[in-house]
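# Structural features, examined
Residues per chain, in single letters:
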Amino acid sequence: MDIVVDKSATYDSLKDRVVIVTGAGQGIGRGLAHHFAAQGAVPVIADIDGGNAARVQAEIEDGGGRALGMETDVASEPAARAMAEAALAEFGRIDVLINNAAVFSRITMAPFWELPVDEWKRAMDVNITGAFFCARAVVPAMQEAGWGRIVNVTSGTVKSGPPNYLHYVTSKSAVIGMTRSMARELGAWNITVNTFWPGVTDTGIPRPSVPPEMFEKFVEMQAIKRSTRIEDMAKPMLFLCSDEASYITGQILEADGGLNFG
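Residues numbered from 1 in each chain as written. Predicted model: local features only at pLDDT ≥ 70, side-chain atom pairs only at ≥ 80, totals over all residues. Heavy atoms only, no water.

### Concerning the packing of aromatic side chains
- What the rule picks out here adds up to 3 aromatic pairs.
- Here Tyr11 and Phe239 contribute two aromatic rings whose centre-to-centre distance is 6.5 Å and whose plane-to-plane angle is 50°, an arrangement assigned as tilted. Note that Tyr11 is positioned in the segment before β1 (18–22) and Phe239 in helix α8 (residues 230–240), a separation of 228 residues in sequence.
- For the pair Phe112 and Trp113, a centre-to-centre distance of 5.2 Å together with 80° between the ring planes defines the contact as edge-to-face. Exposure class is identical for Phe112 and Trp113. Each is exposed.
- If you follow Arg149 out to its NZ or CZ, it ends over the ring of Trp147, 4.1 Å from the centre. (Phe/Tyr/Trp six-rings, centres within 6.5 Å; stacked < 30°, edge-to-face > 60°. Helix = DSSP H or I, 4+ residues; strand = E, 2+ residues; numbered from the N terminus. Buried < 20%, exposed > 50% of the residue type's maximum accessible area, 1.4 Å probe, protein only. Lys NZ or Arg CZ within 6 Å of the ring centre and 35° of its normal.)

Written as structure tokens, this is what we have:
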């Protein structure tokens with residue numbers, strides 16, 4: 001899927017910022033990496049698929065930007081630490097962490113009493129514990145700098161509570177509480193922590209749990225009657241990570257075309 005970078009949004013404060021985006025080897029994460037690079041930031045593409053991470057790095061470098069791709073399993077604490085150490089060794093700083101990696105596309109849909117326990121554990125390990133490990137790994141560099149941005153990505157399923165997704169919905173609900181506690185603990189260092197709520201986006205990644213016709217139904221339910229584009233996610237994310245959002249922390253930013261209110 002081609003990434004179209006909308007350069008109408010400009011945030012000079014992002015220039016040269018080192019931005020770790022987990023799960024950036026494909027989908028929304030890949031789009032975020034490209035948009036940050038267009039602002040002059042340096043995306044670190046951390047993905048469990050090292051080949052995908054390397055490809056996104058090459059795409060950005062071919063466009064004249066700087067980037068670093070690395071294979072990272074966020075559910076492993078040593079891997080999360082190695083990710084932070086590699087970014088610091090390469091660039092000498094870590095300014096932003098976007099906890100985007102998640103188990104979703106190929107999850108089993110089933111009533112919770114039939115869900116494989118291993119799948120429940122993997123969803124928690126990646127979607128919650130992985131975000132915890134990554135934040136833990138990058139915070140010392142941010143504290144030393146007295147500046148930082150952490151954004152934890154949640155899901156609209158938290159409000160709608162669809163059946164047969166209990167492992168995913170539970171993990172994405174926990175992200176919100178984690179964000180609020182982190183924001184309280186890190187505010188003294190000018191580190192903001194927010195939750196980002198993306199719209200339903202067809203990224204081209206096969207999703208057995210979301211048939212194509214479901215995307216049309218979501219558009220019908222939205223206040224803005226069009227499909228979600230990658231730039232619809234990227235532009236508000238750029239804002240959250242910029243100096244302009246320095247007084248916003250512990251909040252949820254919803255960019256879903258009005259699919260969910262309140």
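So much for the structure itself; the text now carries on.
### Some details on the sheet that holds strand β3 (residues 68–71)
- Taken together, the 7 strands give an open sheet; going across it, the order is β3-β2-β1-β4-β5-β6-β7, and neighbouring strands pair in parallel fashion. If you trace the sheet from one side to the other, it starts and ends with β3 and β7 (252–255), each paired once. Shown here is a sheet whose adjacent strand axes are inclined to one another by a mean of 20°, direction ignored.
- In terms of strand pairing, β1 meets strand β4 (residues 96–99) through 3 bridges, oriented parallel. Paired with Ile20 across the two strands is Leu97, which belongs to β4. (Pairing = 2+ DSSP bridges. Axes fitted to C-alpha atoms, helices over the stretch in contact; angles between N-to-C directions.)

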